[in-house]
Structures are given as C-alpha cells and as structure tokens.
Amino acid sequence: MTADYRIAPTAAEHVAGLQAAIDAVARERRYLAVVRGFPLEATRQFVASVTAGGGVQHVALDGADVIGWCDIQRNPFEGFRHVGVLGIGLLPGFRGNGTGAALLEHTLAAAAAAGIRRVELEVFASNGRARQLFERAGFVTEGIKRRARVLDGGEDDVVCMARLT
C-alpha cells in the first residue's frame, strides 16, 4: 500500500480506528500478546490512561484511517516514573515501507520530551522484523523469557529489550 502517512497524537476521533487496528493485528495471532482486540470503551479508557499517566500515544494515519499505533505507558511508581513500556503495531499492508520506524522514532522523541528516560518492551523471538527495527532504534536485549508463549501448538520465547535516552 501507500507510504503516504502522517503521525499524530491519538485523539478522540482516532479511537474507533485504533480499536479496529489493534483487533486486526491481534487476530493475526503472531505479534501481540492478545489474540483479539479490546472493546471500544476499553480502548478509549486505555488511551486516556496513557496520556493522563504522563505517557504518549500516537497513531499513524493514511488519510483519516488508523494504520498503526505506538504508545509508551509511564510507570506510575515512585522511583520508576522515568520508565515507560512500549507497545506498537502496524496493519499488514503498511509494513516494510518505513512507516513503523517513523512511528517508533516519533513516539520515542515525544517520550523523551516528557521525561521518560528508559523505554522497555517485550517482543516475540519469532518476530525478527520487529527485533531488527528495535535494534536499529537503539534497543538492546536485556533478557529472554524462554517458552513464554504457547499458542496454536507452537512455543515462542519473549525477548526483553530496553533503550536508555
């Protein structure tokens, strides 16, 4: 599909598209910890909680359509508020053209501006494309949760990565 996109902070008008995008990626059963998206109201509450908690939430848009998202949830506990946990996803037709890298860098820059100095994530070991993206963005592997996921008859390790700013 097209490489024409824009990245914006998630607003109320994006929530339904965000919910649909999360559901579409979840149903691929390969990339997210969930295999179905969340209800619309839960998605709305999630977006509100990320921003209210000092985190960042962005979407990639093709016109008015949400094609991807990236969020960094700030840790709420004293002594850990400089830490955020990253989540990202992109619809299948928009992968491999630089959209994910741009969305990631845009969100990381916003997180740094908000005072988040450490960003953590977990990625399935089988998701080589995402692991390479994260490594190019400065993330390093800090550990591996062996056989952390068993789904559809297969096992997968979870790779724990982080980036310091």
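Here we summarise the structure given alongside this text. (Residues numbered from 1 in each chain as written. Predicted model: local features only at pLDDT ≥ 70, side-chain atom pairs only at ≥ 80, totals over all residues. Heavy atoms only, no water.)

**Focus: helix H3 (residues 99–113)**
At step 1: Between the first and last C-alpha of H3 there are 21 Å, a value that for 15 residues agrees with the 21 Å anticipated at 1.5 Å per step.
At step 2: Inspection of H3 places Thr99, Gly100, Leu103, Leu104, Thr107, Leu108 and Ala111 among the buried residues, and these make up the whole buried set. Around the axis of H3, the buried residues are gathered within 155° of arc, so they sit on the same side.
At step 3: After H3 finishes, the residue Gly115 shows a positive phi value of roughly 90°. (Helix = DSSP H or I, 4+ residues; strand = E, 2+ residues; numbered from the N terminus. Expected span 1.5 Å × (residues − 1). Buried < 20%, exposed > 50% of the residue type's maximum accessible area, 1.4 Å probe, protein only. Arc of directions from axis to C-beta.)

**Examining the layout of surface pockets**
At step 1: In this model, the largest pocket occupies a volume close to 1,200 Å³.
At step 2: Lining of the largest pocket is provided by 42 residues; of these, Tyr31, Leu32, Gly87, Ile88 and Gly89 occupy positions nearest its centre.
At step 3: Where the lining of the largest pocket is concerned, the elements lending two or more residues are helix H1 (15–26), helix H2 (40–52), strand E3 (65–74), strand E4 (83–90), H3, strand E5 (118–124) and helix H4 (128–136).
At step 4: Counted by class, the lining of the largest pocket contains 23 nonpolar, twelve polar and seven charged residues. (1 Å grid on protein atoms, 1.4 Å probe; cavity = no way out; pocket = protein on both sides within 12 Å on 5 of 7 lines; lining within 4 Å. Points joined across faces, edges and corners; volume = space filled by probe spheres on them. Nonpolar A, V, L, I, M, F, W, Y, C, P; charged D, E, K, R; others polar.)

**Some details on the packing of aromatic side chains**
At step 1: Tallied over the full model, the rule gives one aromatic pair.
At step 2: Taking the centre distance of 5.7 Å and the plane angle of 65° together, the rings of Phe134 and Phe139 count as edge-to-face.
At step 3: Owing to a relative accessible area of 2%, Phe139 belongs among the buried residues under this scheme. (Phe/Tyr/Trp six-rings, centres within 6.5 Å; stacked < 30°, edge-to-face > 60°.)

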